[in-house]
Amino acid sequence: MFQSSEIIAIFREYDHRRTSSSPKVCAAVNIPSLMLEPPDSVTIGALLLMALFLSSTSRLSTSAMVLGVASQMMFLAGFHKISTTLAERATHNHRLLSHAYILDQNLSLWLGKPPLLSSDIVRDVPKQEQYDGYGSIYLQDGTSFNCLKEQLLLAKIQSKAYEKLRSPASSSMSQESHAEISHQLLNELNLWRHTLPALTRPLLIPKDLDKKHVPWLSTIFCTFHQVENCIRSSIFSHVAFFDNVAFRNQTPLVVSSCASATRELVAVLNALDRSDLQRS
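Everything quoted here is computed from the prediction, not taken from an experiment.

### Observations concerning the overall build of the chain
Phase 1 of the analysis: Counting secondary structure elements, the chain contains 10 helices and 2 strands.
Phase 2 of the analysis: Listed by position from the N terminus, the elements making up the chain come as α-α-α-α-α-β-β-α-α-α-α-α.
Phase 3 of the analysis: Burial status across the chain gives 44% buried among its 280 residues.
Phase 4 of the analysis: The contacts in the chain between residues at least 6 apart in sequence include a share of 69% that link residues at least 24 apart.
Phase 5 of the analysis: Summing over all exposed atoms, the chain offers an accessible surface of approximately 14,900 Å²; the carbon and sulfur share of this is 57%.

### Digging into the packing of helix 6 (residues 147-166) against helix 8 (residues 214-232)
Phase 1 of the analysis: The contact between helix 6 and helix 8 brings their axes to 10 Å, and the two run at 15°. It follows from the interaxial angle that helix 6 and helix 8 lie roughly parallel. You can see that helix 6 and helix 8 cross each other, and the crossing is left-handed. Every residue of helix 8 that contacts helix 6 at Cys147, Leu148, Glu150, Gln151, Leu154, Ile157, Gln158, Ala161, Leu165 and Arg166 is listed here: Trp216, Thr219, Ile220, Thr223, Phe224, Val227, Cys230 and Ile231.
Phase 2 of the analysis: Across the contact of helix 6 with helix 8, the residue classes break down as 12 nonpolar, 4 polar and 2 charged.

### Considering the packing of aromatic side chains
Phase 1 of the analysis: Summed over the entire model, instances satisfying the criterion amount to 2 aromatic pairs.
Phase 2 of the analysis: Plain terms: the ring middles of Tyr134 and Trp216 are 5.9 Å apart, the flat faces sit at 85° to each other, and that makes the pair edge-to-face. Within this pair, whereas Tyr134 is found in the loop between helix 5 (87-111) and strand 1 (136-138), its partner Trp216 is found in helix 8, the two being separated by 82 residues in sequence.

### Quick word on helix 3 (residues 41-56)
Helical geometry note: an α-helix holds 3.6 residues per turn, so side chains three or four residues apart project in the same direction.
Phase 1 of the analysis: Taking 1.5 Å as the rise per residue, helix 3 with 16 residues should run 22 Å; its terminal C-alpha atoms sit 22 Å apart, in good agreement.
Phase 2 of the analysis: In terms of burial, helix 3 is a largely internal element, 12 of the 16 residues being buried.
Phase 3 of the analysis: Among the residues making up helix 3, those that are buried are Thr43, Ile44, Gly45, Ala46, Leu47, Leu48, Leu49, Met50, Ala51, Phe53, Leu54 and Ser55.
Phase 4 of the analysis: Positive backbone phi, at 65°, marks Ser58, one or two positions downstream of helix 3.

What counts and what doesn't
- Residues numbered from 1 in each chain as written.
- Predicted model: local features only at pLDDT ≥ 70, side-chain atom pairs only at ≥ 80, totals over all residues.
- Heavy atoms only, no water.
- Helix = DSSP H or I, 4+ residues; strand = E, 2+ residues; numbered from the N terminus.
- Buried < 20%, exposed > 50% of the residue type's maximum accessible area, 1.4 Å probe, protein only.
- Contact = heavy atoms within 4.5 Å.
- Areas by Shrake-Rupley, 256 points an atom, 1.4 Å probe, with all protein chains shown as cover.
- Axes fitted to C-alpha atoms, helices over the stretch in contact; angles between N-to-C directions.
- Parallel < 35°, antiparallel > 145°, perpendicular 65-115°, else oblique.
- Left-handed = near helix turned anticlockwise from the far one by under 90°.
- Nonpolar A, V, L, I, M, F, W, Y, C, P; charged D, E, K, R; others polar.
- Phe/Tyr/Trp six-rings, centres within 6.5 Å; stacked < 30°, edge-to-face > 60°.
- Expected span 1.5 Å × (residues − 1).

Nothing here speaks to function; it is all geometry.
As structure tokens, this is what we get:
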């Protein structure tokens, strides 16, 4: 969304705000003043970067609150409407909205709370090829994919997982309905996974993968396996199901499946680490 220098400028003082001798005011302290600014893409982008940083450092509740401010500003700025502005500006605004939606779905599952943004807010999925190449990864076998597009598609599955399996409304579903919906979501998730190029699979990830692609791929696969585990482990949110002995007997299989997904995630991250070391 922004250049590295812009990101550094925003967060330079965040973790050292109490001890730093720098006269600059940290990003977090600027939040109240940012809320009084016009809701333009720069202000919104700064808030969204703060929310992303906070989530990446496990300050999830604070991240959710900052994201809430950024989301309201996006609505006030009309990011959710069909744009009549210049094409490049509209694309940039849609990217900000897409990143907010993706983070919102992550926070929804991590914190067990309803998402702020609904799926119809981001109706348009980014094209595979962007005019500036944003999010595009080109692999050695000639295949390519767009990371923002794939993250957005994955976030829409996350939204369904929360709504259908973990929301308060899902508490009254039957065991049969739960099993059917879980099966459907896992199929949809695996179908999404198989649309990615073969070179994104753990044993096939190139050792000389471009360094800038590693964070994108790490994020995508972490999210994929977290969603998989979220779907599989959702049975533990329905305590009443365990009155059924046959259902209780499924518990070891669920735990085993979650462990398997976690092992696969570790394999992917190790492959990406090896790729990073190979370049070094």
